[in-house]
Amino acid sequence: MMIPIFVPNEAEINAQKALNQLHLISPAVQSYITELLSTHSSPGLAVTVVLQDPSEPTGFRHQLLGAGVARSSFPHVPVTPDTLFAIASNSKLFLALTTGLLISNNSLNLDWTTKLATLIPEWELADPIASREATILDLLVHRTGMPRHDFAGAPLDGGVPEMIANLRHLRPSAPFRSTYQYNNMMFETLSHLPKQLLNMSFESFVDEYIFKPAGMNVSTYSVADAESQSLPIMAEGHQYSFRDFYNEEPGKLRPTVPYFQRPGEERVWAGAGGILTSVRDMVPWLSTLLNGGVVPRTNVTLIPQKVLDRLETGVMVSAGKAAYPELSPKVYGPAQERYTYRGHEIIEHGGNNPGFKTQIARLPNLVGKIPLFPNATGLGIAVFSNDASGGIILESIKWRIVDDLLGLEKIDWYSRYLKEVDKYYSDKRRLALPRPKDPQPPPRPIPSLEDYSFSHPAYGLLEPCFVPPGAPGPRNNASISSFLPLGVAVPQKHIDPSDRATFCAAFIQQPATQLLLSNTPVSKVPTIIIPFHRTFATHLRLTHWSGPWFNVSVVWVNHNTEDSKEQRNRVLIGLDERFEVEWVTVNGEEGLAFRGGIWGMEGADAQAPEGAGKAGAEVWFAKA
């Protein structure tokens, strides 16, 4: 298909002429980008390249590019440098800078080593040592001993303070400060500091002290603002609906309409991954970072040198072994990884929100290394994609731009990454145990799960619903509106057993649940569906394996009776990851023991719990 390329306006053409027609994104790289989009069947992306060059009047030059479509719904809307993307975890550096600016405020008497227990009353972790000793820096470099626990995240009435208060109920997977383990909730926790210390929301603080002084004119945390304005438009994120690598089902690429977080839901997520912005706004941001924290346009110091030094210094080893010969091991400082590429230092971070992938990188030490620009000292690159599987495209384009500007031999990174992804999923298929031909029955009849409720203080309440073998389709004539609002709902309190059958009948009739059941072999495998409204989930699907064991998929579905009525807009993800659940019925210890990686353990020295039942659970839902 034809990939549209953004055509610059007259002012930008004249600006390019003033820069002697020297390309930062060469015609060869532009052709490579369009080729990758077509090969990968990816909707679109945007790129900015910023070069620090003292020989230029402003000290910088840049080039912007938009390719493909921002919205695949008819009529197609092309990507431009002004298109808004969700940059996900690239938002973390703004949170880290916020804490640095607070530390620089002498009246607050803060330091990177200030303990959280002295700052936030709600703070407490399950590990008493981590709870007592964890500092601002510990949270910023992911060394609290906590795995991700992403599925515990949810829009909460109590906002960030309620999320912080729930942390004490989450099981750690490593001793305090023993290993690097990525955790979004630690950044969400730190986003409460402006409110706690200055009675100012985190979003307002970033807008006043970072976005505006830097000249980032369209950047926002507000989904409502991003969706409501006609220009610049917000890109539609795209995901592969019904992708299931276990069954070698590739799925279909579909727009995630609307954005996965609705207005108001994004507040808890803001510090970890909430920014919506454009690659044009990345020009002043990257320029300021390369310029020692000074905004080139105004010559005003945005980031004090001490803060920038702290942010750019690695603390934890995030990758102890180089993934490829051209790379080095990686260290992680506050919200940034630092390593070398073919001998050149690079500082970067990636981002991943449903439907979006982003990469923002800079190479700060390039004096005399760029043949076309002999006076250049540093390079910044931002690549944004509205494709959930676009990560390998971003990385491939980033490296192609670097190789092109540094005059290095080109490497086919795309083919390398494809092999890496293929190996990951083929290994998962190989290690997955098929259901026994003669599965053992569970300790109690599976339909009786509907008689119980299970709860976890942070992950919420589970109200299981048994799916009869004839589903999908109505179980009876129960009214959805009697128990559930339109859309995917999760019960906030225990449902009386006398009402559970009616509740489950209504829940199973919901369009979102019907969409999930349409891809579930309920006539062959006993199935339980559970409403599970979290940041990255709407349903749990349990399929019986044998005995007390079930496979579980954490699913996100956007289809309900109000949104996504068109077939092309119906999105269901989560089938390509499976975890395990043990139904424990021992007297005195009844519940559901979730394991198999659902808590997101990543640390090299982290350990999964051992044993059966509650002792071996990564997440334990006790019988209510």
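The structure displayed is predicted, hence computed values, not measured ones.

Conventions and cut-offs
Residues numbered from 1 in each chain as written. Predicted model: local features only at pLDDT ≥ 70, side-chain atom pairs only at ≥ 80, totals over all residues. Heavy atoms only, no water. Pairing = 2+ DSSP bridges. Helix = DSSP H or I, 4+ residues; strand = E, 2+ residues; numbered from the N terminus. Contact = heavy atoms within 4.5 Å. Axes fitted to C-alpha atoms, helices over the stretch in contact; angles between N-to-C directions. Expected span 1.5 Å × (residues − 1). Buried < 20%, exposed > 50% of the residue type's maximum accessible area, 1.4 Å probe, protein only. Phe/Tyr/Trp six-rings, centres within 6.5 Å; stacked < 30°, edge-to-face > 60°. Lys NZ or Arg CZ within 6 Å of the ring centre and 35° of its normal. 1 Å grid on protein atoms, 1.4 Å probe; cavity = no way out; pocket = protein on both sides within 12 Å on 5 of 7 lines; lining within 4 Å. Points joined across faces, edges and corners; volume = space filled by probe spheres on them. Nonpolar A, V, L, I, M, F, W, Y, C, P; charged D, E, K, R; others polar. Disulfide = S-S within 2.5 Å.

1. Looking at the sheet that holds strand β13 (residues 344-353)
- Reading across the sheet, the nine strands line up as β3-β2-β1-β15-β14-β13-β12-β11-β10 and stay open at both edges, with antiparallel pairing between neighbours. In this open sheet, the two edge strands, each paired with only one partner strand, are β3 (77-78) and β10 (316-319).
- Taken together, the five bridges between strand β12 (residues 336-341) and β13 define a ladder with antiparallel strand orientation. Bridge pairing in β13 places Tyr339 opposite Ile346.
- Packed on one face of the sheet, helix α2 (residues 27-39) meets β1 (44-52) and β2 (60-71) and runs near 25° to β2.

2. Considering helix α14 (residues 391-406)
- An ideal rise of 1.5 Å per residue puts 22 Å on 16 residues; α14 measures up with 23 Å between its terminal C-alpha atoms.
- By the criterion of burial, α14 is predominantly enclosed, with 15 of the 16 residues buried.
- Phi for Gly407, located one or two positions after α14, is positive at around 70°.

3. Points about the packing of aromatic side chains
- Inspection of every chain in the model, using the stated rule, returns 25 aromatic pairs.
- Here the aromatic rings of Phe260 and Phe536 are separated by 5.7 Å at their centres, their planes lie at 10°, and the arrangement is stacked. Here Phe536 lies in the loop between β19 (527-534) and β20 (537-546) and Phe260 lies in the loop between β6 (252-256) and α11 (270-273), a separation of 276 residues in the sequence. Each member of the pair, Phe260 as well as Phe536, is classed as buried.
- Aromatic pair Tyr324 and Tyr417: ring centres 6.3 Å apart, planes at 85°, arrangement edge-to-face. Of this pair, Tyr324 sits in the loop between β10 and β11 (330-333) while Tyr417 sits in helix α15 (residues 413-431), and the two are 93 residues apart along the sequence.
- Here the aromatic cluster, defined as three or more aromatic residues joined through ring pairs, consists of Phe85, Tyr259, Phe260, Trp269, Phe356, Phe384 and Phe536.
- Across from the ring centre of Trp399, 3.9 Å away, lies the NZ or CZ of Lys398, which sits over that ring.

4. Some remarks on empty space enclosed by the protein
- A full pass over the atoms with the stated rule returns five cavities of 30 Å³ or more.
- Each pocket or cavity is described by its volume, and for the largest cavity that value is around 100 Å³.
- Considering the residues around the largest cavity, the lining is formed by 14 residues, among which Gly153, Ala154, Glu188, Trp269 and Thr535 are closest to the centre.
- Across the lining of the largest cavity, the residue classes break down as six nonpolar, five polar and three charged.

5. Description of the state of the cysteines
- Following the criterion strictly, the structure yields one disulfide and no others.
- A disulfide bridge connects Cys465 with Cys504, and the sulfur atoms are separated by 2.1 Å. Taking the sign of the S-S torsion, -80° for the link of Cys465 and Cys504, the bridge is left-handed. Here Cys465, found in strand β18 (residues 465-467), pairs with Cys504, found in helix α17 (residues 497-509); they are 39 residues apart in sequence, far enough to count as distant. Just as Cys465 is buried, Cys504 falls in that class too.

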